Structure formats: structure tokens, C-alpha cells
Amino acid sequence: MNLILLGPPGAGKGTQSKILEEKHGYKQLSTGDMLRAAISAGSDVGLKAKAIMDRGDLVSDDVILGIVAERLGKPDVSNGVVFDGFPRTPAQADALDKMLEGRGQKLDAVIEMKVDDEVLVKRISGRFTCAKCGKGYHDEFAKPTAAGVCDACGSLEFSRRPDDNEKTVRDRLQVYNKQTAPLVDYYHKKGNLHVVDGMADIALVTVAIENVLKGLKA
Ligand code: AP5
Ligand code: MG
Ligand code: ZN
């Protein structure tokens, strides 16, 4: 099963991708997480991406397609992939079609997660992540069960993203509307677009996504 979760910053792509990975064994492929790992490692890709990400612009298609192709070459993606934050431009969407075709695979569904702008800003401003295992939390909407302790791995260390401030979030939203939103029409025309209400609670969004997957198998 190959799925795309399509939606603006803070729509819940990362949150739901991780749930899909745990439940079904599809691998989450988050280009944002891969770029942040490249920055931490100080690699060439990381050096190219850092300033662009900090101001909320898109990293070049060439760089992105390079890291995605490399990731899809690994054996652990054979059960399927949840693409999180990729593709983000028509050129990336086109290249993904070709990459899947080259592997004898296809895209099973594109799930668009719709959330109002003001809610997105609130979600992103309150987001934090376990520094050890990457589990995502929110100051208000998704707190750890015991304050300051990661539910998944017990770590006491958390981090916040440098691009998670209100100014950059608004810039990222503009970039999304201009460069990524046209993909909604692109996938609608191809007949594999499904829309879910991303405003609902995390568990209800999971149910809506599961319903889309059931519909595909029926
Ligand atoms: P990326 O890392 O992809 O960030 P993004 O698209 O801006 O999305 P986010 O990760 O901010 O949001 P999300 O939808 O994953 O939300 P989450 O589940 O965390 O990209 C970062 C940058 O990298 C880009 O700006 C660009 O520079 C570069 N980049 C990446 N991919 C690229 C590409 N393909 N091409 C070019 N450049 C690229 O949820 C947010 C918060 O809300 C969390 O705290 C969560 O707990 C909470 N939450 C989630 N769901 C709910 C809910 N239903 N109700 C209440 N709270 C919720
Ligand atoms: Mg994310
Ligand atoms: Zn953890």
C-alpha cells in the first residue's frame, strides 16, 4: 500500500503517518524528518537545506528527489510507504509516479487532511517531540501521560523545531497554498484523492483514514 498524506503544516501528517506505520507496517517517509536528520548529521544535503527550511521555503526538487529515491532503495519499504510531506510540487508528484512505476508499483490513495489556518498556527506553536524516539506531542492537545516523560520510551528530553514559530508557520502556509495545493486538483483528476476532516480529534482522524483504506480494499 502506497499512500500520500497531503496537507498544510500542522495538519497532522506526521501524527497519522506514525499511527499507520505502527498499525500496518507501512513505512513513514517524511522528507521533513529526513532533512532534519541531514542537518543534525552535517551532511551536504543538510547544509543546503538548513537556511531554506528556517525561512519556510521549499528545498529544491533535485535534492528532495535524490533523498526519496535513496530511501525507496532500502529493503524495509516493501510493505508500502506513507509519504508525509512529499510530494510538494507538481514536478515531485510527476517524479513519484515514475519512481513507483519503475518499481512495478502504484499509488493507492492520496488523503488530503483539511484544517483551518488559525488551528494550524495553534497546533504548530504548541508542538514538541521526544528527542530520543521522535514521538510527537502538543502542549494542549497531546500531552504525555506523565508530564515531562515520553510515553513511548521514557525519555526526559524533548525538542522544538526552529521553524515552529508563528511568523515562519504563516510563511509555510503561503508556500503550501501556492506550490503544494495545486496537487489536490492533480490527484483529483487522477481519481485517487480522498478528503478527511483534519479538524477532528487525533483518534477520529485515524478512524476516517482507516475508513478510506477499507474502501480501497472493498
Ligand atoms: P515538514 O517537516 O514536512 O513540515 P510541514 O509540512 O510544515 O508539516 P508539519 O510537520 O509542521 O506538520 P504535520 O502535518 O506533520 O503535523 P503534526 O502531525 O506534527 O517540512 C519542513 C520543511 O522541510 C519545509 O518547510 C521545507 O522547507 C522542507 N521540506 C520538507 N519536505 C519537502 C519537500 N517534499 N519539498 C521541498 N521542501 C521540503 O501535528 C502538529 C501538532 O498538532 C502536533 O503537536 C500534534 O500533536 C498536534 N495534532 C496533530 N493532529 C491533531 C488533531 N487532530 N487535533 C489536535 N492536535 C493535533
Ligand atoms: Mg510533520
Ligand atoms: Zn520517546
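A brief report on the enclosed structure follows. Remember, it's a predicted structure, so these values are computed and weren't measured experimentally. (Residues numbered from 1 in each chain as written. Chains lettered and ligands numbered in written order. Predicted model: local features only at pLDDT ≥ 70, side-chain atom pairs only at ≥ 80, totals over all residues. Heavy atoms only, no water.)

At a closest axis distance of 8 Å, the pairing of helix H2 (residues 31-41) and helix H3 (residues 44-54) adopts a crossing angle of 115°. Between H2 and H3, the crossing angle belongs to the class labelled roughly perpendicular. By crossing handedness, the relation of H2 to H3 is classed as left-handed. In this structure, H2 contributes Gly 32, Leu 35, Arg 36, Ala 38 and Ile 39 to the contact, and H3 contributes Val 45, Gly 46, Ala 49, Lys 50 and Met 53. In terms of residue class, the contact of H2 with H3 is made up of six nonpolar, two polar and two charged. (Axes fitted to C-alpha atoms, helices over the stretch in contact; angles between N-to-C directions. Helix = DSSP H or I, 4+ residues; strand = E, 2+ residues; numbered from the N terminus. Parallel < 35°, antiparallel > 145°, perpendicular 65-115°, else oblique. Left-handed = near helix turned anticlockwise from the far one by under 90°. Contact = heavy atoms within 4.5 Å. Nonpolar A, V, L, I, M, F, W, Y, C, P; charged D, E, K, R; others polar.)

With that settled, the discussion passes to the coordination of the zinc ion (ligand 3). Around the zinc ion (ligand 3), the protein supplies Cys 130 (SG), Cys 133 (SG), Cys 150 (SG) and Cys 153 (SG) as donor atoms, at distances of 2.3 to 2.4 Å. Coordination at the zinc ion (ligand 3) is tetrahedral: its four donor atoms span angles of 101 to 114° at the metal. In primary sequence terms, the donor set of the zinc ion (ligand 3) follows C-x2-C-x16-C-x2-C. Of this pair, Cys 130 sits in strand S5 (residues 127-130) while Cys 153 sits in the loop between strand S6 (136-138) and strand S7 (158-159), placing them 23 residues apart in sequence. Using a relative accessible area of 3% as the deciding quantity, one classes Cys 130 as buried. (Donors = N, O, S within 2.8 Å, 3.2 Å for Na, K, Ca; no water. Tetrahedral: all angles 85-135°; square planar, octahedral: opposite > 155°, others 65-115°. Buried < 20%, exposed > 50% of the residue type's maximum accessible area, 1.4 Å probe, protein only.)

What follows concerns the layout of surface pockets. The probe, sized like a water molecule, is rolled over the atoms to show the empty space still left. Looking at the second largest pocket, its volume works out to about 260 Å³. Lining the second largest pocket, in full, are Gln 28, Leu 29, Ser 30, Asp 33, Met 34, Ala 38, Val 45, Ile 67, Glu 70, Arg 71 and Lys 74. Of the residues belonging to the lining of the second largest pocket, the class tally is five nonpolar, two polar and four charged. (1 Å grid on protein atoms, 1.4 Å probe; cavity = no way out; pocket = protein on both sides within 12 Å on 5 of 7 lines; lining within 4 Å. Points joined across faces, edges and corners; volume = space filled by probe spheres on them.)

Right, let's talk about the sheet that holds strand S2 (residues 27-30) for a bit. One key point about sheets: their strands pair by backbone hydrogen bonds, in either a parallel or an antiparallel sense. Spatial strand order, S2-S3-S1-S4-S8: five strands in an open sheet with parallel pairing. Each edge of the open sheet is held by one strand with a lone partner, namely S2 and strand S8 (193-197). Averaged over all pairs of adjacent strands, the angle between strand axes in this sheet comes to 25°, irrespective of strand direction. (Pairing = 2+ DSSP bridges.)

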